Amino acid sequence: MPRIVVSPLARIAEMAVRHGCTEMLSLVAKGQDFHRPAVISKARHLTLGMNDISFAGTGGLIAPQEEHVQQIVAFAKDWDRTRPILVHCWMGVSRSPAAALIAALAVEPEQDDRALVERLRLVSPYATPNTRLVEIGDAVLSRGGRLVAAVRSIGRGADTDGNVPFVLPLVAEGAHVGD
């Protein structure tokens, strides 16, 4: 069963090993330094430099852009799905859950947006997907506003310390809370 493992930066090595991930998508501030876990293939690691903001960047901040979403979609479509893919950002709460939704719809476009987002809320009561990424993803994937509406329907996630990874199944089969 293909799954997307969503993690805060501090736990990427643990999650990669625990779930057998060999591919990773990193959504971090431009220039943020971190070490790629050795089990992650260098050729299958995409790093996107953006800040967790929902408006056009000011100063040194970089807002998510359509180019970022296009890269998420292309990376997901190139995922062989034999092993889980690891998606992370700083806290695993906003950018990475949004990217996980985009990736899931990129590889399984026939699934219902609302059911996917409800699965996200089930496995992560803390997720608050970045609205800008969601809006751009909705447009790039031609969802007709369904993804945006679904994410709005679950509202803001609960407060967290950002140390709660989770596993999002691509299709409804069973959720793995707190993995």
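Look up: the structure comes first, before these words.
Definitions and limits used
- Residues numbered from 1 in each chain as written.
- Predicted model: local features only at pLDDT ≥ 70, side-chain atom pairs only at ≥ 80, totals over all residues.
- Heavy atoms only, no water.
- Phe/Tyr/Trp six-rings, centres within 6.5 Å; stacked < 30°, edge-to-face > 60°.
- Lys NZ or Arg CZ within 6 Å of the ring centre and 35° of its normal.
- Disulfide = S-S within 2.5 Å.
- Buried < 20%, exposed > 50% of the residue type's maximum accessible area, 1.4 Å probe, protein only.
- Core = buried A, V, L, I, M, F, W, Y, C linked by side-chain atoms within 4.5 Å.
- Helix = DSSP H or I, 4+ residues; strand = E, 2+ residues; numbered from the N terminus.
- Contact = heavy atoms within 4.5 Å.
- Axes fitted to C-alpha atoms, helices over the stretch in contact; angles between N-to-C directions.
- Left-handed = near helix turned anticlockwise from the far one by under 90°.
- Nonpolar A, V, L, I, M, F, W, Y, C, P; charged D, E, K, R; others polar.
- Pairing = 2+ DSSP bridges.

**Observations regarding the packing of aromatic side chains**
- One pass over the full model with this rule turns up zero aromatic pairs.
- A cation sits over an aromatic face here: R44 above F75, 4.0 Å from the ring centre.

**Focus: the state of the cysteines**
- The final tally for this structure, using the stated rule, is zero disulfides.
- Of all cysteine sulfurs in the structure, the one in C89 sits closest to C21, which takes part in no disulfide; the separation is 15 Å.
- Accessibility expressed as a relative area gives 2% for C89, which makes it buried.

**Side note on the nonpolar core**
- By size, the foremost hydrophobic cluster in this structure holds 43 residues, and its most contacted members are I4, L25, L27, I72, L101, L133 and L168.
- Per-element tally for this core: the top contributor is helix 3 (residues 95–107), with ten residues.
- Once residues within four sequence positions are removed from consideration, L25 is found in contact with L46, L48, I72, F75, L86, V87, H88 and A99.
- By size, the runner-up hydrophobic cluster in this structure holds twelve residues, among which are M15, A16, M24 and V167.

**Some thoughts on the packing of helix 2 (residues 66–78) against helix 5 (residues 131–140)**
- Interaxial distance between helix 2 and helix 5 falls to 9 Å at its minimum, and their mutual angle equals 65°. Helix 5 is crossed by helix 2, and the crossing has right-handed handedness. Contacts between helix 2 and helix 5 involve E66, V69, Q70, I72 and V73 from the first element and L133, I136, G137 and V140 from the second.
- Along the lines of polarity and charge, the residues of the contact of helix 2 with helix 5 split into six nonpolar, two polar and one charged.

**A look at the pairing of strand 2 (residues 23–28)**
- The buried fraction of strand 2 amounts to six of the six residues, a majority that puts the element mostly inside the structure.
- Neither face of strand 2 is exposed, since E23, L25 and L27 on one face and M24, S26 and V28 on the opposite face are all buried.
- The pairing of strand 2 with strand 4 (residues 85–89) spans four bridges and is parallel. Residue M24 lies in a different strand from strand 4, and its bridge partner there is L86.

**Re the sheet that holds strand 2**
- Taken in spatial order, the five strands make up an open sheet running 3-2-4-1-5, and their pairing is mixed. Each end of this open sheet is capped by a strand with a single partner; those strands are strand 3 (45–49) and strand 5 (166–169). Within this sheet the neighbouring strands show an average axis-to-axis angle of 20°, counted without direction.
- The sheet contact formed by strand 2 and strand 3 spans five bridges and is parallel. From the neighbouring strand, S26 faces strand 3, where its bridge partner is T47.
- Across the sheet, helix 1 (residues 12–19) touches strand 1 (3–8), strand 2, strand 4 and strand 5, and the angle it forms with strand 1 is around 155°.
- The strands that helix 2 touches are strand 2, strand 3 and strand 4; relative to strand 3, the one it contacts most, it runs at about 170°.

**Observations regarding unusual backbone geometry**
- Positive phi values are uncommon outside glycine, yet R81 reaches one of about 65°.
- Assignment of secondary structure puts R81 in the loop between helix 2 and strand 4.
- For R81, a relative accessible area of 30% puts it in the partly exposed group.
- Backbone geometry places S142, a non-glycine residue, at a positive phi of 55°.
- By secondary structure assignment, the location of S142 is in the loop between helix 5 and helix 6 (146–154).

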